[in-house]
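Observations on the model geometry
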Amino acid sequence: KALSALMTYKCACVDVPFGGGKAGIKIDPKIYSENELERITRRFAIELAKKGFLGPGIDVPAPDMGTGEREMAWIADTFANTIGYQDMNASACITGKPINQGGIHGRTSATGRGVFHGLDNFVKEPHFMNMIGAEVGWAGKSYIVQGFGNVGLHTCRYLTRAGATCIGIAEWDGSIFNPDGIDPKALEDYKIEHGTIVGFPGAEPYTGENLMFEACDILVPAAMEKVIHKENAHKIKAKIIGEAANGPITPAGDKILQENGCLIIPDMYINAGGVTVSYFEWLKNLNHVSYGRLTFKYERESNYHLLESVQNSLEKRFGRVGGPIPVTPSEEFSARMSGASEKDIVHSGLDYSMERTAKGIMQTAQQMNLGIDLRTAAYVNSISKIFTTYRSAGLTYN
């Protein structure tokens, strides 16, 4: 119930027109074979569909802990071949699918990319950085990530690209630490090859009490819920926490961290990149056409004609005595000249969504004098939107 309520507020927070729901199977996927997992997943999909809990206009699940593209493809296939066999929108019953099954480019990295944008919007905001006594911008920032699954991996990739340094990564079977910086790409390759981050040559095994208690600028819990609570919150030294996981901080832990001057960027905003791109995938499935397909060639040719037109105008004005006047596009324009691909559209849509939501949270925090309490600001925005929707729909008694 707590997770489905959080999903409701999360969708409202980033203006995604979904409600909220959560379901799962309480097993450890590591101890089952692929064939067993497929049978479990397909049976789960059948039970959901039979009870009316699955469908493009009813409930649209997406991957979470222990699942990925593979499981989403099984669920989509099960639905399309059973309850949804006459529904032309059957592929929209679930998101996070592989590209060849109606998925969308950029969905796999969406939550991690959203975490980066969520941090980016606040790290570059002088008002909030001054409140916690931190420098504006990414230069010299160090970070620790708890959990190196899909979300943690992509978060590391984007934060390192922005100029921050990863000094530690904690996983369920062991943690690694390197104050000089860990290369996320090398670690990703190592994990694919060995199935674990333990023994990675680019860092030392961590032997202290808990990696999360080490000094760093940014802490990203990207694994389980309730990892920071009243018993350990006072040991956290990070100035900024980005809640990439759902509910990683308990209310009591949150209170202690805020009193210690820690800026917590709440889960309902920062990890909403996944549900935002799930929404884009759902729209793509309902429209039955990929983004950019209809406009790609037209945009490219329009841009070539624009350059040609500039060249002709210059030659008309200055003559062609010394030969034709070449109009060379800049590197940036050249890259964008051929029109936006689906990935470009998804990335810019996600960037815009995260930026707009961050501005809304900052505005509410300042108007209501909430200081660094961004969670309350995000809740105020979300609940206000939900209330307005209910009131306009006539579902509440005014």
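Now for a description of the structure that goes with this document.

The rules behind the values
- Residues numbered from 1 in each chain as written.
- Predicted model: local features only at pLDDT ≥ 70, side-chain atom pairs only at ≥ 80, totals over all residues.
- Heavy atoms only, no water.
- Helix = DSSP H or I, 4+ residues; strand = E, 2+ residues; numbered from the N terminus.
- Rg over C-alpha atoms; globule rule 2.2 N^0.38 Å.
- Buried < 20%, exposed > 50% of the residue type's maximum accessible area, 1.4 Å probe, protein only.
- Pairing = 2+ DSSP bridges.
- Salt bridge = Lys/Arg side-chain N within 4 Å of Asp/Glu carboxyl O.
- Patch = residues over 30% accessible without salt bridge, like charges linked within 9 Å, V, L, I, M, F, W, Y side chains within 5 Å.
- Areas by Shrake-Rupley, 256 points an atom, 1.4 Å probe, with all protein chains shown as cover.
- Disulfide = S-S within 2.5 Å.
- Core = buried A, V, L, I, M, F, W, Y, C linked by side-chain atoms within 4.5 Å.
- Expected span 1.5 Å × (residues − 1).
- Axes fitted to C-alpha atoms, helices over the stretch in contact; angles between N-to-C directions.
- Parallel < 35°, antiparallel > 145°, perpendicular 65-115°, else oblique.
- Left-handed = near helix turned anticlockwise from the far one by under 90°.
- Contact = heavy atoms within 4.5 Å.
- Nonpolar A, V, L, I, M, F, W, Y, C, P; charged D, E, K, R; others polar.

1. Some details on the overall build of the protein chain
- Scanning the protein chain from terminus to terminus reveals 14 helices and seven strands.
- A compact globule built from 398 residues would reach a C-alpha radius of gyration of about 21 Å, and the protein chain, at 24 Å, matches this within 12%.
- Dimensions of the protein chain, computed from the C-alpha atoms along their principal axes, are close to 80 × 60 × 55 Å.
- Counting all 398 residues of the protein chain, 44% fall into the buried class.

2. Notes on the pairing of strand β2 (residues 165-171)
- In terms of burial, β2 is largely enclosed, as six of its seven residues are buried.
- Examined bridge by bridge, strand β1 (residues 142-146) and β2 share five bridges and lie parallel to one another. Bridge pairing links Ser142 to Thr165 in β2.
- Judged from the four bridges that link them, β2 and strand β3 (residues 174-177) form a sheet pairing that is antiparallel. When the sheet's bridge partners are listed, Gly168 is paired in β3 with Phe177.
- In this antiparallel pair of consecutive strands, β2 and β3, the connection spans two residues.

3. Thoughts on the pattern of salt bridges
- Counted according to the given criterion, the structure contains 24 salt bridges.
- Asp77 is the salt-bridge partner of Arg42, the closest N and O atoms lying 2.8 Å from each other. Note that Arg42 is positioned in helix α2 (residues 34-50) and Asp77 in helix α3 (residues 69-80), a separation of 35 residues in sequence.
- Its relative accessible area of 23% is what places Arg42 among the partly exposed residues.
- Here Asp77 falls in the partly exposed class, since its relative accessible area comes to 32%.
- One salt bridge connects Arg375 with Glu243, and the closest N-O pair in it is separated by 2.9 Å. Of this pair, Arg375 sits in helix α14 (residues 374-393) while Glu243 is found in the loop between β6 (240-242) and α8 (251-259), placing the two residues 132 residues apart along the sequence.
- The class for Arg375 is buried, based on a relative accessible area of 16%.
- Residue Glu243 is classed as buried on the basis of its relative accessible area, which comes to 0%.
- Sharing partners across several salt bridges, the network here consists of Arg43, Glu47, Lys50 and Lys51.

4. Side note on a nonpolar patch on the surface
- The grouping of Ile25, Ile27, Ile31 and Tyr32 at the surface amounts to a nonpolar patch, some 350 Å² of accessible area in total.
- Note on placement: Ile27 falls in the loop between α1 (2-13) and α2.
- By relative accessible area, which is 32% here, Ile27 ends up partly exposed.

5. Comments concerning the pairing of β1
- With five of five residues buried, β1 is to be regarded as a mostly interior element.
- Of the two faces of β1, the one holding Ser142, Ile144 and Gln146 and the one holding Tyr143 and Val145 are both buried throughout.

6. Quick notes on the state of the cysteines
- Going through the model one piece at a time under the given rule, you end up with zero disulfides.
- Just so you know, Cys216 is unpaired, no disulfide at all, and the nearest cysteine sulfur is the one on Cys262, 9.3 Å from it.
- Residue classification places Cys216 among the buried positions, given a relative accessible area of 8%.

7. What to know about the nonpolar core
- One finds Leu119, Phe122, Ile169, Val220 and Tyr269 to be the most contacted residues of the largest nonpolar core, which totals 65 residues.
- The element best represented in this core is helix α13 (residues 342-367), accounting for seven residues.
- Among the nonpolar cores identified, the runner-up in size contains 19 residues, and Ile167, Ile236, Ile241 and Cys262 belong to it.

8. Description of α13
- Spanning 26 residues, α13 covers 38 Å between terminal C-alpha atoms, matching the ideal 38 Å at 1.5 Å per step.
- Looking at the residues trailing α13, positive phi occurs at Asn369, about 50°.

9. A closer look at the packing of helix α10 (residues 273-287) against α13
- Interhelical geometry of α10 versus α13 gives an angle of 135° and a closest axis separation of 10 Å. Viewed along their axes, α10 and α13 adopt a mutual orientation that is oblique. Here α10 and α13 pass one another in a crossing that is right-handed. In contact with Gly273, Thr276, Val277, Phe280 and Lys284 of α10, α13 contributes Glu342, Val346, Gly349, Leu350, Ser353 and Met354.
- Residues of the contact of α10 with α13, tallied by class, amount to five nonpolar, four polar and two charged.

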